[in-house]
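Summary of structural features
Residues per chain are reported as follows:
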Amino acid sequence: MTFDALALQRAFAQAEFHADTSALHALLADDFRSIGDQGYVLDKAQWLGKFVDFAYTDLRCTDVEVSSYDRAVIIRYVQHSASVWRGQAMASTSRVSQTWIEQADGWRLAGVQFSPLGDGPSDAG
């Protein structure tokens, strides 16, 4: 059976967009960590708990690339999102890096890191 890393990334994005904490719980490793664009760290319980006050209104991933290793995969992409947190509308574009690991019971997301992207370099001609 061929492993499809992009299917995992898409499943994670869909679960996030729909705030499907049951699906996210199954996809995340027990020792999962998220490093946000401000440097804060969330563990699995905190990541799942954010959906009480947070919802995506748009979530798109572009420029996806996959690096595969023996029992790990790193997926990098640009995430374009619009969301609402505690009633406050937000929009962001971030470069994201996901680290997936193969465990005895399947593939799990061990970590995700977000780096904000600005408006990009100006056209210097």
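Just above, that's the structure.
A brief structural summary. (Residues numbered from 1 in each chain as written. Predicted model: local features only at pLDDT ≥ 70, side-chain atom pairs only at ≥ 80, totals over all residues. Heavy atoms only, no water.)

1. Some thoughts on the pattern of salt bridges
Under the defined criterion, the tally for this structure stands at seven salt bridges. Among the ionic pairs, lysine 44 bridges to aspartate 30, the shortest N-O distance being 3.4 Å. Residue lysine 44 is found in helix H3 (residues 44-49), and its partner aspartate 30 is found in strand S1 (residues 28-35); the two are separated by 14 residues along the sequence. For aspartate 30, a relative accessible area of 69% corresponds to the exposed category. For arginine 60, the salt bridge identified is with aspartate 58, shortest N-O distance 3.2 Å. Taking relative accessible area as the criterion, aspartate 58 reaches 29% and is therefore assigned partly exposed. (Salt bridge = Lys/Arg side-chain N within 4 Å of Asp/Glu carboxyl O. Helix = DSSP H or I, 4+ residues; strand = E, 2+ residues; numbered from the N terminus. Buried < 20%, exposed > 50% of the residue type's maximum accessible area, 1.4 Å probe, protein only.)

2. Examining the sheet that holds S1
Strand order across the open sheet formed by six strands is S2-S1-S6-S5-S4-S3, with mixed pairing between neighbours. Of all strands in the sheet, those with a lone pairing partner are strand S2 (41-43) and strand S3 (54-68), marking the two edges. Ignoring which end each strand starts from, the neighbouring axes of this sheet average 20° apart. Contacts from helix H1 (residues 5-17) reach S1, S3, strand S4 (72-85), strand S5 (88-103) and strand S6 (106-116), with the element oriented near 170° to S3. (Pairing = 2+ DSSP bridges. Axes fitted to C-alpha atoms, helices over the stretch in contact; angles between N-to-C directions. Contact = heavy atoms within 4.5 Å.)

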